[in-house]
Amino acid sequence: MCTCDYLLRSTCAEHAGAAVVHAAATPDAGAAPARAAAATAASLPLAQFRPRSMLHTARTEIRGPRYPVIDLHTHLSWSAQVRSGVATGESRRFFAAPQDLLPVMDAMQVRLMVNLTGGSGHGLADTLQRFDRAAPGRFLSLAEPSYGEWLRADYPRYQADAIGQAKAAGAVGLKILKTLGLYLREGIDAGALVRVDDPRFDPMWEACAAHDLPVFIHTSDPEAFFEPVDGENERYDELGAHPDWSFHGRDFPSNAELLAARDRVIARHPKTRFVLLHVSNAEKLDAVAATLQRFPNTCVDIAARIGELGRQPRAARRFFDRHQDRICFGTDAIPPPAGEETPQQVFCRALYEIYYRFLETEDEYFDYAPAPVPPQGRWRIYGLGLPDAVLRKVYHDNAARVLGLAPLPT
Ligand SMILES: [Zn+2]
Ligand SMILES: [Zn+2]
């Protein structure tokens with residue numbers, strides 16, 4: 001669902017041809033398993049079911065955030081060469097230019113956008129030139145591993161050295177897409193999946209510590225992506241729209257196995273700082289709390305997971321109160337038109353308004369994405385009404401600490 005993954009797999013011929021999911025518009029198309037059979041009684045196609053809430057609840061008008069915002073999780077560039085979900089070259093595809101983004105950033109008081117998918121080598125240099133240097137102080141970019149070099153015999157050393165070069169070029173961290181664990185294979189796009197805790201990456205994790213570059217890591221995905229895609233899957237619409245996001249079957253590890261491998265990496269590299277993206281595992285906040293407690297070298301962001309947090313508002317509020325120094329603001333924003341494929345991530349004023357409403361107000365039962373049908377699952381969310389002291393940390397100061405920037409003046 002970090003929809004990074006839409007982009008990752010959109011060029012994957014293997015998956016493009018695999019009819020893993022039945023179209024959301026035709027849930028009764030016949031091939032669905034028996035447990036979805038009850039749906040056939042309805043004459044209204046699921047895609048046409050767009051109920052409007054009849055609740056008369058308060059709607060707080062959002063003019064801006066309580067404090068200036070660092071959006072710690074955006075995607076402004078992407079690899080131009082992707083093979084079976086793995087970026088294999090350095091060339092970049094850019095989703096926008098600074099002048100396309102700055103008006104919305106200024107209107108919504110987004111002081112800084114962190115572009116996670118900055119790339120490697122000359123692609124990273126292009127990204128830094130296009131954003132970080134063109135609008136100083138408004139954009140920062142991260143580096144990514146060079147998976148295209150994976151078959152080199154000296155890959156562990158090569159990749160570790162690349163970290164120092166990325167730092168020297170201007171990158172402020174390393175982004176690990178869920179490529180690691182779910183796409184990268186021994187032969188890049190063939191053979192066994194490479195595990196998240198494969199020791200060949202140990203020199204890379206250590207280099208990040210040596211150069212004080214935080215690792216932003218996305219591991220696994222919502223549990224429903226590992227379940228059969230049928231009438232009991234709460235992300236039926238989402239998987240119907242993006243069938244290649246299903247990790248059910250084949251040789252995919254389970255959600256729990258992926259997270260356990262990630263935790264072994266964190267344990268092995270206590271001097272490396274890790275930002276666990278998408279709340280680490282937003283459907284299981286008790287487990288996230290345990291992870292944060294166990295590993296002082298970790299924090300989380302909330303990108304593309306307010307749909308999860310906001311449907312468990314009491315647990316989420318307790319989580320924010322307890323871990324208010326470890327939670328960073330992020331949206332996973334992708335500029336349009338690419339971002340329109342995933343409305344919960346499309347860069348626009350409405351997206352930021354929803355995030356601010358969720359964090360600041362106690363409004364009830366509202367959409368978590370600017371879309372006519374909730375795109376991740378058919379539910380709505382409730383605001384947390386966080387106090388100012390927590391908002392200051394979540395909007396700005398926690399991310400500033402990750403990036404080595406100054407906190408807001410008091
Ligand atoms: Zn992600
Ligand atoms: Zn992302």
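Above this text is the structure in question.
Sequence order sets the numbering: in each chain, residues are counted from 1 along the sequence as written. Chains carry letters from A onward and ligands carry numbers from 1 onward, assigned in written order. Given that this is a predicted model, residues contribute local features only at a pLDDT of at least 70 and side-chain atom pairs are listed and counted only at 80 or more, while totals for whole chains, interfaces and linings are drawn from all residues.

Asks: Please provide a residue-by-residue account of the overall build of the protein, values included.
Replies: Helix and strand labels come from DSSP, where a helix needs a run of H or I of at least four residues and a strand needs a run of E of at least two; each type is numbered from the N terminus. Looking only at helices and strands, the protein has 14 helices and 12 strands in total. The buried share of the protein, taken over its 410 residues, is 49%. Of all intrachain contacts in the protein linking residues separated by at least 6 positions in sequence, the fraction that spans at least 24 positions is 73%. Remark: C-beta atoms are placed from the backbone, and a residue is labelled buried if 20 or more other C-beta atoms sit within 10 Å of its own, exposed if 12 or fewer do, or partly exposed between those counts. Once C-beta atoms are placed from the backbone, any two residues with those atoms within 7 Å are in contact.

Asks: An account of the nonpolar core is needed here, citing residue identities and associated values.
Replies: Looking at soluble globular proteins, one finds that nonpolar side chains tend to be buried together. The term nonpolar core refers to a set of buried Ala, Val, Leu, Ile, Met, Phe, Trp, Tyr and Cys residues connected through C-beta atoms within 7 Å. Residues Ile163, Cys328 and Phe329 are the most contacted members of the largest nonpolar core, which totals 104 residues. For this core, the leading source of residues is helix α13 (residues 349-360), giving 7 residues.

Asks: A description of the sheet that holds strand β1 (residues 69-74) should follow, citing residues and the corresponding values.
Replies: A pair of strands is labelled paired if DSSP reports no fewer than 2 bridges between them. The strand order across the open sheet formed by 3 strands is β1-β6-β7, and the pairing between neighbours is parallel. Across the chains shown, the open sheet's two edge strands, defined by having one partner strand only, are β1 and β7 (139-141). Sheet twist, expressed as the average angle between the axes of neighbouring strands with direction ignored, equals 20°. Relative to strand β6 (residues 110-115), β1 is paired through 4 bridges, and the arrangement is parallel. Bridge pairing links Val69 to Val110 in β6. Orientation is described by axes fitted as lines to C-alpha atoms, over the contacting stretch for helices, and by angles from 0 to 180 degrees between their N-to-C directions. Running over the sheet, helix α4 (residues 121-132) touches β6 and β7 and is turned about 170° from β7.

Asks: Outline helix α14 (residues 388-403), supporting the account with residue identities and numerical values.
Replies: With 16 residues, α14 extends 22 Å between its outermost C-alpha atoms, agreeing within 8% with the 22 Å of an ideal straight helix rising 1.5 Å per residue. The bend reported for a residue corresponds to the angle between axes fitted to the seven residues ending at that residue and the seven starting there. At Val394, α14 shows its maximal bend, which comes to roughly 50°. All of the buried residues along α14 are Leu391, Lys393, Val394, Tyr395, His396, Asp397, Asn398, Ala399 and Val402. Among the structural elements, β1, β10 (274-276), β11 (298-301), β12 (327-328) and α13 are those in contact with the buried residues of α14. Looking at the residues trailing α14, positive phi occurs at Gly404, about 75°. Expected helix span is taken as 1.5 Å per residue step, with the number of steps being one fewer than the number of residues.

Everything listed is a geometric property; what it means functionally is a separate question.
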